[in-house]
Amino acid sequence: MGSSSTLTEAHHENLFASVLARLQTAAEKIQLKPQVLKVLSNCQKEIKVSLPVVMDNGNIEVFEAYRVIHSTHVGPSKGGIRYAMDVNDDEVRALAAWMTFKCAVADLPYGGAKGGIKCDPKKMSVGELERLTRAYAKAMKNVFGVNLDIPAPDMGTSGREMAWIVDEFNKMIGEDVPGVITGKPINIGGSLGREAATGRGVMVNTLQALEKLKIDPKKATAVVQGFGNVGSHAARLLFEQGLKVVAIGDHSASIYNPNGINISDALQYVSKNNRVLKGFTGGHEIPSDQLLTLPCDVLVPAALQNVINEHNAPKIQAKIIVEGANGPTLPEADDILNQKGILVVPDILANSGGVTVSYFEWVQNKAGFYWSEDEVNQKHDIKMKTAFGKVWANMEEYKVSMRIAAYITALKKIEKAVMDKGFY
Ligand code: NAD
């Protein structure tokens, strides 16, 4: 990503600080009780383990792995597991805190957590990944639990890893508890609609934002960064809603076509090309650092954190940014985007569709009764529209950005929970 990867590294250690900066601003606006701010400025529990794993060549590799629980005030903690080389304690803390706020914005009965393993899944065999994942599940025996801490997929993980974790967990505790993890494959207790849910939430939020700005979706253009779980489903669903998706990009290539990319073709291409866009001929390849600044109505960053910074923010031409990724915008870029009048639908609202359908999966697991995909999607869309409406109302009431309004929406709920539960 050219210059942005340098910036990613430069801001690497500051991700949790950037959560706290936004938390502080929102807290001041609503005069949050200082004791609540103090509690939420810290993580409740942080676990770091070393996992020795036998590699295919017979050597032992030791992997660093984390689980951070930020808050359990509203309910058991919920949050994904990330496999990536840049996983570190600061990043996991930030992601855990975002989960607390995200679950509160979506009005789910959960607190927030996140986990991660420092590894490069693309360079590991399936057998190595399975042994690593099972070792992680074992290490988290007393952390995970259906009413305690419920993980899910994130970057670098999918239903496959969730299946290994639930299997390992069930063996350890001696009973079948599918609700200990969400994002599972359908045949072992996953929910219909879960895989596409985060992208669906991005689509619903985009349509809500377009309506507020009185832009006809059928005349709108979109650019999507990231073509993994979130980006590919978001691009497909926006395309299906009639938006012209003029550019898509992943770590291998960025593809531009001002006449619109056929997303069905792109999906078919990546399914046969090791999930990467490089070589896709439905547009022409452009340098990846140009993707975010292309002319468009809607920009969806759905890959990495810290990609919108003070250097590229002044050049962004989109009218709306819908944050599919967690933390794609640095705090210093927020001010620039606000001054330019760009509406930013923030991550803790825009990508909350995933955890919302994870919640539905957990409810279905607990009830042992499963819903149709239409039912899941309908319930999801209602939750998303309600959350968008609440955040919009707080934005107008407090005259703040949509991001700060989303934190305000979350804090109003969490403050009550912290005070109801009390202190030592
Ligand atoms: P994924 O691993 O499925 O896909 C990541 C995508 O990002 C891939 O297409 C990859 O090629 C692309 N990418 C990586 N490096 C890039 C680069 N330098 N430039 C452009 N593209 C690059 O991950 P995902 O699950 O889609 O997650 C993406 C983001 O969404 C993350 O921030 C994640 O935390 C967030 N998120 C995911 C979910 C979910 O349900 N999966 C839910 C909420 C938020």
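For clarity, every value in this text was computed on a predicted model and none was experimentally measured.

**Q** Describe the pairing of strand β1 (residues 45-54), naming the residues involved and giving the relevant values.
**A** Bridge analysis of β1 against strand β2 (residues 60-71) gives 10 bridges, and the strand direction is antiparallel. If you follow E46 over to β2, its bridge partner there is V68.

**Q** So what's going on with the pattern of salt bridges? Residues and values would help.
**A** Oppositely charged side chains can pair when the atoms bearing their charge come close. Tallied over the full model, the rule gives 26 salt bridges. A salt bridge links K138 to E168; the nearest nitrogen and oxygen atoms lie 3.7 Å apart. Placement of K138 in helix α5 (residues 126-139) and of E168 in helix α6 (residues 159-173) is noted, with a sequence separation of 30 residues between them. Overall, K138 belongs to the exposed group, its relative accessible area being 53%. When the shortest N-O distance is used, the salt bridge between R403 and D347 registers 3.8 Å. Linking R403 in helix α14 (residues 402-421) with D347 in helix α11 (residues 347-350), this pair joins segments that are 56 residues apart in sequence. Each member of the pair, R403 as well as D347, carries the same accessibility label: buried.

**Q** Pulling in residues and values, what's your account of the domain arrangement of the protein?
**A** Domain boundaries in the protein define domain 1 (43-177) and domain 2 (197-345). The centre of domain 1, based on its C-alpha atoms, is set 28 Å off from the matching centre of domain 2. If you look at the interface, domain 1 gives nine residues, while domain 2 gives six residues. When the two sides are added together, the surface that domain 1 and domain 2 hide from each other amounts to roughly 500 Å², 47% of it contributed by carbon and sulfur. The interface formed by domain 1 and domain 2 includes zero salt bridges.

**Q** Can you break down a nonpolar patch on the surface residue by residue, with the values?
**A** Taken together, the side chains of V54, I60 and V62 present a nonpolar region at the surface, about 270 Å² in accessible area. For V62, the position within the fold is in strand β2.

**Q** Could you give an account of the nonpolar core, naming the residues involved and the relevant values?
**A** By size, the foremost hydrophobic cluster in this structure holds 78 residues, and its most contacted members are F101, I248, V345 and M402. Taken domain by domain, this core gets at least three of its residues from each of domain 1 (43-177) and domain 2 (197-345). Ignoring sequence-local partners within four residues, the contact set of V345 consists of N205, A209, I320, I321, V322, E323, A350, F388 and M402. With 29 residues, the next largest nonpolar core counts I47, L51, A65 and Y83 among its residues.

**Q** Give me the lowdown on the packing of aromatic side chains, citing residues and values where you can.
**A** On inspection of all chains with the given rule, the structure shows nine aromatic pairs. Aromatic side chains Y269 and F280 sit 5.6 Å apart centroid to centroid with 50° between the ring planes, which places their arrangement in the tilted category. Taken together, the positions of Y269 in helix α9 (residues 263-272) and F280 in the loop between α9 and β9 (284-286) put the pair 11 residues apart, joining distant regions of the chain. Of the residues examined, F280 reaches a relative accessible area of 9% and is grouped as buried. Where Y359 meets W362, the ring centres are 6.3 Å apart and the plane angle is 35°; that geometry is what we call tilted. Placement of the pair is Y359 and W362 together in helix α12 (residues 353-367), with a separation of three residues, close to one helical turn. Given a relative accessible area of 9%, W362 falls into the buried group. An aromatic cluster is built from Y110, Y359, F360, W362 and W371, whose rings are joined through pairwise contacts. The ring of W371 has K379 lying over it, and the distance from NZ or CZ to the ring centre is 4.5 Å.

**Q** Describe in detail the pairing of strand β4 (residues 111-118), supporting the description with residues and values.
**A** With seven of eight residues buried, β4 lies mostly within the body of the structure. Pairing of β2 with β4 involves six bridges; the strand directions are antiparallel. Across the sheet, Y66 pairs through a bridge with G116, a residue of β4. Two elements, strand β3 (residues 77-84) and β4, share six bridges in a ladder whose sense is parallel. The residue of β4 that forms the bridge with A84 is K118. For the crossover from β3 across helix α4 (residues 89-105) to β4, the handedness is right-handed.

**Q** Account for the sheet that holds strand β10 (residues 298-301), naming residues and giving values.
**A** The strand order across the open sheet built from seven strands is β9-β8-β7-β6-β10-β11-β12, with neighbouring strands paired in mixed fashion. What marks the edges here is a single partner per strand, and that holds for β9 and β12 (343-345). Averaged over all neighbouring strand pairs, the angle between strand axes comes to 25°, with direction disregarded. Bridge count for strand β11 (residues 320-322) against β12 is three bridges, and the pairing is parallel. For I320, the partnering residue across the bridge sits in β12 and is L343.

**Q** Residue-level account of α9, with values.
**A** Turning to α9, its buried residues are I263, A266 and V270. When α9 is viewed along its axis, its buried side chains cluster within an angular range of 55° and face the same direction. The N-cap of α9, judged by a side-chain oxygen 3.0 Å from the amide nitrogen of S264 a few residues on, is N262. Backbone geometry just after α9 places N274 at a positive phi near 55°.

**Q** Could you give me a rundown of the confidence of the model for the protein, with the residues and numbers involved?
**A** Per-residue pLDDT for the protein has a mean of 95; in total, 97% of the residues score no lower than 70. Of the regions scoring below 50 in pLDDT, residues 1-13 engages in 18 contacts with residues more than four places distant in sequence or in other chains.

Analysis parameters
- Residues numbered from 1 in each chain as written.
- Predicted model: local features only at pLDDT ≥ 70, side-chain atom pairs only at ≥ 80, totals over all residues.
- Heavy atoms only, no water.
- Pairing = 2+ DSSP bridges.
- Helix = DSSP H or I, 4+ residues; strand = E, 2+ residues; numbered from the N terminus.
- Salt bridge = Lys/Arg side-chain N within 4 Å of Asp/Glu carboxyl O.
- Buried < 20%, exposed > 50% of the residue type's maximum accessible area, 1.4 Å probe, protein only.
- Domains from an automatic or database assignment.
- Contact = heavy atoms within 4.5 Å.
- Buried area = accessible area lost by both parts, 1.4 Å probe.
- Patch = residues over 30% accessible without salt bridge, like charges linked within 9 Å, V, L, I, M, F, W, Y side chains within 5 Å.
- Areas by Shrake-Rupley, 256 points an atom, 1.4 Å probe, with all protein chains shown as cover.
- Core = buried A, V, L, I, M, F, W, Y, C linked by side-chain atoms within 4.5 Å.
- Phe/Tyr/Trp six-rings, centres within 6.5 Å; stacked < 30°, edge-to-face > 60°.
- Lys NZ or Arg CZ within 6 Å of the ring centre and 35° of its normal.
- Right-handed = clockwise from strand over helix to strand, strands pointing away.
- Axes fitted to C-alpha atoms, helices over the stretch in contact; angles between N-to-C directions.
- Arc of directions from axis to C-beta.
- Polar contact = N/O pair within 3.5 Å; in protein donor to acceptor, adjacent residues only side chain to side chain.
- pLDDT = per-residue confidence, 0-100.

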